[in-house]
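Chain by chain, the residues:
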Amino acid sequence: MCGIVGFTGKQNEERLNVMLNCIAHRGPDDDAKLQTDNFQFGMRRLAIIDLTDDIYPLGNEDGQIRCVFNGEIYNYQALREELKAAGHTFVTESDSEVIIHGYEEWGVDVVHRLRGMFVIILHDGREDKVLILRDRLGIKPLYYAESAGRIIWSSEIKAILEGWPVDPTPDDISVWRFLLSRVHDDTERTFFANVKRLLPGHYMEIDSQGNKKITKYWFPKTNPQFKSDKSDAEYAAQFREKFVESMKLHLIADVPLGITLSGGLDSSSVASIAKKLIAEGTDMHTEQNKLLTFSALHPGETIDESEYINEVIKFTNAVPYSVVPDVNKFWEELDTWIYFQEEPTISTAPYAYYTVMREARKHVTVLLSGQGGDELMAGYIPYFMSYIQSAQDAGAIWELLRESVAGFDLYAPFIAQKISAKLNSGNQIDVRGSLKIDASMRDQMRQIEHKHARNLNERLLFDLTEGSVPNLLRYEDKNSMAHSIESRVPFLDHEFVEFAHSLPIDQKIKHGWNRYVYRNAMKGLMPEKNRLRRNKIGFVNSEWEWLKAKSDNIQTIFNSEEFRSRKYWDADKVLAQFNDWIAGKISGDGLFFWRILSTELWMRRFGKGH
């Protein structure tokens, strides 16, 4: 089930219905409500496990514990057997019911036993309180606000804004941090000043008087150790075992499943292991139990990954489906896409995923993706710099020299680009000078600035919990749910994450290879061309070219009175720099103009009077 809403206080079915209608796309199969004297909540269901109609909201034997939730509990079958042995009676085959009986048995500690992606709303009638539990990595979203003396929550912000008189004023710090530094989704702040997010690995408890308490329950650790104390082969065997286990759990469903395939290492691994598991008896619920893959293609462009996608299709004998993202179609759909995204996006790249999800919904209900693999196993070029710093701090001089040479082809262009930007700073887009950040805001922003850890594993943990992964998961959820697709991320299974962070640094980067142990583990299980590829692209669009293709439209927006009225930027300077960038007179972070545009269009879509 994939959409939840609710609020504290007396019943108001009209507002509850408005909220549920706002998230109908998240759950087209069913809906349900639970209304008590002090709590009102509802759900929209996307049926994935146990397709029986009208079973929600579920309760325990005496009806005192009831629940709705968004997501999946992948270890529900093992928990079910444990709870049945303890005397609990089950009336459905759903994964939801283990949450209810688990809460009866273990209280709030049930959250430590759940393996999956979830936001759970539990009503405990014995104490007349509500518990809202969010999964450890934040794969599933939960937003909340306070209005008219109530706490209001939902899987999507739009339901809060449409259902209640919550002021949609932008959060200044969030807007300026995003425009200046590309940062978002790293704190409880959203782009709306009056809407917050329940952070990953946290739960909220609300009593009958509407008092709330938020508690962190997951404290991930990482191994700062630089050198391995076991052989490469032993680490690879462990990795392979853990990853196959996660994949096996993520393929549990009663509806058709497919794979998003970009051609990169992570999505290629997911598809290849899925094929292995199909051969071992896993049911994909597709015609002839075929593996279905879904890709975005860019024919004739440097970002096209068809050759790598085709390698996987041949290796797995998959049935491929593809889309070709188009800038004109994107511009036509931009307002709708922003509506589903709900907050500004860092680039146009998530739109490619949106188009893939739309195509996939014609054929499957569940998709598995490779999201998170880069942040777990150091898949990006800048991670080489953290490796060098880690080696230096560990006194591993030989390893430092070795990687400086062996990885030179990967990070040398990155370093050259940074040096060129420094040397030509006078000919670069002036991001900071284009923004009108007042002094008080600068001080507040400075207090929550992030500095990258020198230790590679510590940096990876930051990116996983606060850096890039939270915003990638936001895009994943919005793009998939817009088309009533459940997207699963096996690399972000919390047990696999904890294993990956127990590995020493030299299993992440070694002999000039990033994701070293991962590549070793996948030998023989996936195409060699993909396993040993050194460049990385992923689900993207030709972003700079798209901005230039629509420069006339963008100039019109940047010239408008509405744009000029904003307090966040110097409109004249933004327009002048955009024109110079289009003309090739300056270079630099061209996506700065997308961030400006995205923020402007978001304010138009969600501002007062929208």
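Quick look at the structure, then. Only a predicted model underlies this, so the values are computations on that prediction, with no experimental measurement involved. (Residues numbered from 1 in each chain as written. Predicted model: local features only at pLDDT ≥ 70, side-chain atom pairs only at ≥ 80, totals over all residues. Heavy atoms only, no water.)

**Topic: unusual backbone geometry**
Going by this rule: Helix and strand labels come from DSSP, where a helix needs a run of H or I of at least four residues and a strand needs a run of E of at least two; each type is numbered from the N terminus. Exposure classes here rest on a 1.4 Å probe applied to the protein chains alone. A residue is buried below 20% of its type maximum, exposed above 50%, and partly exposed in between.
Notably, Asp50 is not glycine yet its phi reads approximately 60°, a positive angle. When you line up the elements, Asp50 lands in the loop between β3 (39–45) and β4 (58–59). With a relative accessible area of 9%, Asp50 lands in the buried category.

**Re helix α9 (residues 327–341)**
This is how the line gets drawn: The span you would expect from a helix comes to 1.5 Å times its residue count less one. Residue contacts are defined here by distance: any two heavy atoms, one from each residue, within 4.5 Å place the two residues in contact. Side-chain atoms alone can form a polar contact between residues adjacent in sequence; in general such a contact is a pair of N or O atoms within 3.5 Å, and within protein one must be able to donate a hydrogen while the other accepts it.
Counted at 1.5 Å a residue, the expected span for α9 with its 15 residues is 21 Å, but the 18 Å between its end C-alpha atoms falls short. Taken as a whole, α9 has its buried residues at Val327, Phe330, Glu333, Leu334, Trp337, Ile338, Phe340 and Gln341. Where α9 is buried, its residues touch α4 (157–163), α10 (349–360), α18 (468–481), α22 (543–549) and α26 (591–606). The backbone nitrogen of Asn328 lies 3.0 Å from a side-chain oxygen of the residue at the head of α9, namely Asp326. Looking at the residues trailing α9, positive phi occurs at Glu342, about 75°.

**Structural notes on the layout of surface pockets**
For clarity, the threshold we go by: The rule is simple: put a 1 Å grid over the protein atoms alone, call a set of points where a 1.4 Å probe fits but cannot get out a cavity, call an open set with protein on both sides within 12 Å along at least five of seven lines a pocket, and count a residue as lining if it has an atom within 4 Å of a point. Grid points are joined across faces, edges and corners, and a volume is the space filled by probe spheres set on the points. Side-chain classes follow a simple rule in which Ala, Val, Leu, Ile, Met, Phe, Trp, Tyr, Cys and Pro form the nonpolar group, Asp, Glu, Lys and Arg form the charged group, and the remainder, Gly included, forms the polar group.
Space inside the second largest pocket adds up to approximately 440 Å³. Elements that contribute at least two residues to the lining of the second largest pocket include exactly α17 (456–465) and α18. For the lining of the second largest pocket, the leading source of residues is α18, giving four residues. Residues belonging to the lining of the second largest pocket are distributed by class as follows: 13 nonpolar, five polar and ten charged.

**A word on helix α12 (residues 383–393)**
Within the sequence span of α12, burial applies to Tyr383, Phe384, Ser386, Tyr387, Ile388, Ser390 and Ala391. One or two positions beyond α12, positive phi appears at Gly395, with a value near 70°.

**What to know about the sheet that holds strand β6 (residues 116–124)**
How we decide: One bridge is not enough; two strands pair if DSSP finds at least two bridges between them. Axes here refer to lines fitted to C-alpha atoms; in helices the fit is confined to the stretch in contact. Angles between the N-to-C directions go from 0 to 180 degrees.
Pairing is antiparallel across the open sheet formed by six strands, whose spatial order is β4-β5-β6-β7-β11-β12. The open sheet is flanked by β4 and β12 (212–216), the only strands paired with a single partner. Strand direction decides the pairing type here: β6 and strand β7 (residues 129–134), joined by six bridges, are antiparallel. When the bridges of β7 are listed, Ile120 appears paired with Leu133. Along the sheet, helix α3 (residues 96–106) makes contact with β4, β5 (65–73), β6 and β7, crossing β5 at roughly 130°.

**Examining the packing of α12 against α17**
Remark: α12 packs on α17, axes separated minimally by 8 Å, with the N-to-C direction vectors making an angle of 145°. In contact with Tyr383, Ser386, Tyr387 and Ser390 of α12, α17 contributes Leu456, Arg459, Leu460 and Asp463. Class assignment for the residues of the contact of α12 with α17 results in four nonpolar, two polar and two charged.

**Observations regarding a nonpolar patch on the surface**
Counted only if it meets this: Patch membership needs two things, relative accessible area over 30% and no salt bridge, and members are linked within 9 Å if like-charged or within 5 Å if nonpolar (Val, Leu, Ile, Met, Phe, Trp, Tyr). Methods summary: accessible areas were calculated by the Shrake-Rupley approach with a probe of 1.4 Å, and residue burial reflects only the protein chains presented. For this analysis, a salt bridge means a side-chain nitrogen from Lys or Arg found within 4 Å of a carboxyl oxygen belonging to Asp or Glu.
A contiguous nonpolar surface patch, about 350 Å² in accessible area, is contributed by Ile397, Trp398 and Leu401. The topology assignment puts Leu401 in helix α13 (residues 397–406).

**Some words on empty space enclosed by the protein**
What the rule picks out here adds up to seven cavities of 30 Å³ or more. What the largest cavity holds in volume is close to 70 Å³. Forming the boundary of the largest cavity are Ser174, Arg177, Val183, His184, Asp185, Asp186, Thr187, Arg189, Thr190, Phe191, Arg197 and Glu343. The class makeup of the residues in the lining of the largest cavity is two nonpolar, four polar and six charged.

**Thoughts on the environment of Asp229**
Within the element layout of this structure, Asp229 appears in the loop between β12 and α6 (232–250). A residue is classified by how much of its surface remains accessible, and Asp229, at 57% relative accessible area, is exposed. Separated by 274 residues in sequence, Asp229 and Leu503 place their C-alpha atoms 9.9 Å apart. A polar contact is formed between the side chain of Asp229 and the side chain of Tyr235, at a distance of 2.8 Å.

**A closer look at the side chain of Thr345**
Topologically, Thr345 is positioned in the loop between α9 and α10. A relative accessible area of 1% places Thr345 in the buried class. Contacts of Thr345, omitting those with residues within four sequence positions, involve Phe178, Trp337, Arg474, Tyr475, Trp594 and Ser598.

**Notes on the pattern of salt bridges**
Per the stated rule, a full pass over the model turns up 51 salt bridges. For the salt bridge of Arg488 with Glu72, the shortest nitrogen-to-oxygen distance reads 3.9 Å. Here Arg488 is found in strand β17 (residues 486–488), whereas its partner Glu72 is found in strand β5, with 416 residues between them in sequence. We classify Glu72 as buried; its relative accessible area is 1%. Through salt bridges with shared partners, a single network forms among Arg26, Lys140, Glu156, Lys158, Glu342, Asp477 and Lys478.

**Details of the packing of α12 against α13**
Going by this rule: Angle categories: roughly parallel below 35 degrees, roughly antiparallel above 145, roughly perpendicular from 65 to 115, and oblique for all the rest. Handedness of a helix crossing follows the sense of rotation of the near helix relative to the far helix, less than a right angle counterclockwise being left-handed and clockwise being right-handed.
Orientation of α12 relative to α13, taken along the N-to-C sense of each, is 160°, at an axis distance of 8 Å. Taken as axis vectors, α12 and α13 run roughly antiparallel relative to one another. Handedness of the α12/α13 crossing: left-handed. The residues of α13 that touch α12, namely those facing Tyr387, Ile388, Ala391 and Gln392, are Glu399, Leu400, Arg402, Glu403 and Ser404. By residue class, the composition of the contact of α12 with α13 is four nonpolar, two polar and three charged.

**Brief notes about the packing of aromatic side chains**
Stated precisely, the cut-off is as follows: Aromatic rings from Phe, Tyr and Trp, with only the six-membered ring used for Trp, were paired whenever their centres fell within 6.5 Å, and each pair was classed as stacked if the ring planes differed by under 30 degrees, edge-to-face if by over 60, and tilted otherwise. The criterion for a charge sitting over a ring is simple: Lys NZ or Arg CZ within 6 Å of the ring centre, and within 35 degrees of the ring normal.
The tally for this structure, following the rule as stated, stands at 38 aromatic pairs. Judged by centre distance (6.2 Å) and plane angle (35°), the rings of Phe578 and Trp581 are tilted. Here the residue Phe578 and the residue Trp581 both occupy positions in helix α25 (residues 571–582), the gap between them amounting to three residues, near one helical turn. The exposure class assigned to Trp581 is buried, which follows from its relative accessible area of 3%. Seen from their ring centres, Phe592 and Phe593 are 5.7 Å apart, and the 55° between their planes marks the pair as tilted. This pair shows no difference in class: Phe592 is buried, exactly as Phe593 is. Pairwise contacts between aromatic rings join Trp176, Trp544, Phe558, Phe563, Tyr568, Trp569, Phe578, Trp581, Phe592 and Phe593 into one cluster. The ring of Trp106 carries Arg113 above its face, with NZ or CZ at 3.9 Å from the centroid.

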